[in-house]
Amino acid sequence: ASVDDLNAREMGLCGFSDSWHQGCRDCPYIIIKGLHRGLTEGDLLVVFSQYGEIGYVELLRDAETNASRGVAFIRYLDWRAGCQAIDNFNGIELAQAPILVDHHRVARRRTGDVDDR
C-alpha cells in the first residue's frame, strides 16, 4: 500500500471525537519550534509531507540576515494530517535538534499560500 493509503487508513481508525485534537478541527496550521538553523522550506516539505498534502510552509527568518530563526508554520490541506504530524514528530530529533510540534490557532496568511491560486 502507498503512504497515502496508509495515512488515510490510520485517519479512519482514529476516534477524533474523543481526541484532544478535536478542539483544533478548524485550525489546519501547525507550528514547529527548535528547528536546526540549516533546514530549508524544502527540507520541511519533504519531512512533513509524509502525513498529508501541504498547502503552505513558512520558515521564519531574520529580517536583516535572512537566517532561519528555527520556527516554522505548516498548513495541511486536511487538518487530520496535522494531528498525525503532531503525534509523530513532537519531541523527536530532526537534523540533530529536538523539535516541538503543536497546533497553531492563529492563521498564517502570506502570499503563496495554496488559497492564493
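Residues numbered from 1 in each chain as written. Predicted model: local features only at pLDDT ≥ 70, side-chain atom pairs only at ≥ 80, totals over all residues. Heavy atoms only, no water.

Peer 1: What is the right way to read the overall build of the protein from this model?
Peer 2: When its secondary structure is counted, the protein shows three helices and six strands. Along the chain direction, N to C, the helices and strands of the protein fall in the order α-β-α-β-β-α-β-β-β. Considering the protein as a whole, with its 117 residues, one finds that 41% of them fall into the buried category. Taken as a whole, the protein presents about 6900 Å² of accessible surface, with 48% of it coming from carbon and sulfur. (Helix = DSSP H or I, 4+ residues; strand = E, 2+ residues; numbered from the N terminus. Buried < 20%, exposed > 50% of the residue type's maximum accessible area, 1.4 Å probe, protein only. Areas by Shrake-Rupley, 256 points an atom, 1.4 Å probe, with all protein chains shown as cover.)

Peer 1: Sorry, what's going on with the packing of aromatic side chains here?
Peer 2: Centre-to-centre distance and the angle between the planes together describe a pair of aromatic rings. One pass over the full model with this rule turns up three aromatic pairs. Each ring, one from phenylalanine 48 and one from phenylalanine 89, has its centre 4.6 Å from the other, and the planes form 55 degrees; the classification is tilted. Pair noted here: phenylalanine 48 is in helix H2 (residues 41-48) and phenylalanine 89 is in helix H3 (residues 79-89), with a separation of 41 residues, a long-range link. Looking at phenylalanine 89, the relative accessible area reads 6%, which means it is buried. An aromatic cluster is built from Phe48, Tyr51 and Phe89, whose rings are joined through pairwise contacts. (Phe/Tyr/Trp six-rings, centres within 6.5 Å; stacked < 30°, edge-to-face > 60°.)

Peer 1: Help me understand unusual backbone geometry in this model?
Peer 2: Negative phi is the rule for most residues except glycine; trans is the rule for most peptide bonds. At alanine 95, a residue that is not glycine, the phi angle is positive and equals roughly 55 degrees. Its location among the elements puts alanine 95 in the loop between strand E4 (93-94) and strand E5 (97-98). We classify alanine 95 as partly exposed; its relative accessible area is 37%. With a phi close to 65 degrees, glutamine 96 is a non-glycine residue in the positive phi region. Considering the arrangement of structural elements, one finds glutamine 96 in the loop between E4 and E5.

Peer 1: So what exactly am I meant to see when it comes to the sheet that holds strand E1 (residues 29-33) here?
Peer 2: Pairing between sheet strands relies on hydrogen bonds along the backbone, with the strands arranged either parallel or antiparallel. Strand order in the open sheet made by the four strands is E2-E3-E1-E6, with antiparallel pairing throughout. Each having just a single partner strand, strand E2 (54-61) and strand E6 (100-103) make up the two edges of the open sheet. Averaged over all pairs of adjacent strands, the angle between their axes in this sheet comes to 20 degrees, without regard to strand direction. When E1 meets strand E3 (residues 68-76), the two strands line up antiparallel, connected through five bridges. By the bridge assignment, isoleucine 30 is partnered in E3 with isoleucine 74. (Pairing = 2+ DSSP bridges. Axes fitted to C-alpha atoms, helices over the stretch in contact; angles between N-to-C directions.)

Peer 1: Looking at this structure, how should I read H3?
Peer 2: In an α-helix there are 3.6 residues to a turn, and that puts residues three or four apart on one side. In terms of burial, H3 is largely enclosed, as eight of its eleven residues are buried. When H3 is considered as a whole, its buried residues turn out to be Trp79, Ala81, Gly82, Cys83, Gln84, Ala85, Ile86 and Phe89.

Peer 1: In this structure, what is going on with the pairing of E2? I would like to understand it.
Peer 2: In summary, the side chains of a regular strand alternate between the two faces of the sheet. Taking burial as the measure, the eight residues of E2 include seven buried ones, the bulk of the element. Sheet topology places E2 next to E3; six bridges connect them, and they run antiparallel. Within E3, the position partnered with tyrosine 56 by the bridge is arginine 75. Linking E2 back to E3 in an antiparallel pair, the connection comprises six residues, with asparagine 66 at a positive phi of about 65 degrees.

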